[in-house]
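Geometric and topological summary
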Amino acid sequence: GKVSDTLLTLLTQYRAFSVTSSAGRLLGEQQFDDSPLLRAFPNGSGFVVVKRPISDGKNAEYRVHRYAATGRLLFDRSLRYTPVRLVQQDVDAVVARYLADWEGSADGAAGKIKEALFRPAYLPPVNAVVPGQDGTLWIQRERSALAMGKWTLLDAKGTPVGDFLLPTALDVRAGTATAVWG
């Protein structure tokens, strides 16, 4: 086929890492990366882009852009937040998850993974976005090692409905204005 148009271009900087040792090679996704998130609505009505730059401690906002399937911008919402510092417990939790997947001996692997991780001073403001069948958006806020995590619900017009605490172990796969499923 032939490319006839481009809807948008998303730049990434710290998406993945690679660690090699005598035990093998580990390819991993950077957990503290702030590259934009792109997700399609399950009903095919369009897609959403969340631009989530890491705060410098002063300027703290992320942007949610909703597009129709044609590429027409439906809304562009800026949301302010309070930055959350990246702490060693967060880094250790990520390293532990990767060590669980490491094949062979994990000797020395923890240090190599820590070296390979992008570790900003503050956590990215958004970890995930789940577009709902009804046009709502469930936005998972900063990922941390805590048992409960904050989610922000936006209605179909991008207006914040509220913040909700959900178990961090819950892998949210779908949502509406009244429920989430994981």
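Use the structure listed above.
Residues numbered from 1 in each chain as written. Predicted model: local features only at pLDDT ≥ 70, side-chain atom pairs only at ≥ 80, totals over all residues. Heavy atoms only, no water.

Quick word on the overall build of the protein chain
Secondary structure summary: the protein chain contains two helices and 12 strands in total. Its C-alpha atoms give the protein chain principal-axis dimensions of about 50 × 45 × 35 Å. Burial analysis of the protein chain (182 residues in total) assigns 39% to the buried set. Intrachain contacts of the protein chain at a sequence separation of at least 6 include 44% that bridge at least 24 residues. Carbon and sulfur atoms make up 51% of the accessible area of the protein chain, which amounts to about 10200 Å² in all. (Helix = DSSP H or I, 4+ residues; strand = E, 2+ residues; numbered from the N terminus. Buried < 20%, exposed > 50% of the residue type's maximum accessible area, 1.4 Å probe, protein only. Contact = heavy atoms within 4.5 Å. Areas by Shrake-Rupley, 256 points an atom, 1.4 Å probe, with all protein chains shown as cover.)

Here's the deal with the environment of leucine 165
Residue position: leucine 165 is located in strand 10 (residues 160-167). Remark: the alpha-carbon pair of leucine 165 and alanine 128, spanning 37 residues in sequence, is separated by 14 Å. Sequence-distant contacts of leucine 165, that is, excluding residues within four places in its chain, are made with Met148, Gly149 and Lys150.

Observations concerning helix 1 (residues 88-101)
Between the first and last C-alpha of helix 1 there are 20 Å, a value that for 14 residues agrees with the 20 Å anticipated at 1.5 Å per step. Structurally, helix 1 contributes buried residues whose contacts are with strand 1 (16-21), strand 2 (24-29) and helix 2 (109-116). (Expected span 1.5 Å × (residues − 1).)

Side note on the pairing of strand 7 (residues 128-131)
Of the two faces of strand 7, the one carrying Ala128 and Val130 and the one carrying Val129 and Pro131 are both buried. Strand direction decides the pairing type here: strand 7 and strand 8 (residues 137-140), joined by four bridges, are antiparallel. Paired with alanine 128 across the bridge in strand 8 is glutamine 140. (Pairing = 2+ DSSP bridges.)

Topic: the pairing of strand 5 (residues 61-68)
For strand 5, a buried count of six out of eight residues is recorded, marking the element as mostly surrounded by other parts of the structure. Relative to strand 5, strand 4 (residues 46-51) runs antiparallel, the two being bridged by six bridges. Directly across from valine 50, in strand 5, lies its bridge partner valine 64. Looking at chain direction, strand 5 and strand 6 (residues 73-80) are connected through seven bridges and run antiparallel. Among the inter-strand pairings, tyrosine 62 is bridged to a residue of strand 6, identified as leucine 79. Remark: four residues form the turn of the hairpin made by strand 5 and strand 6, two consecutive strands paired antiparallel; glycine 71 in that turn has positive phi of roughly 100°.

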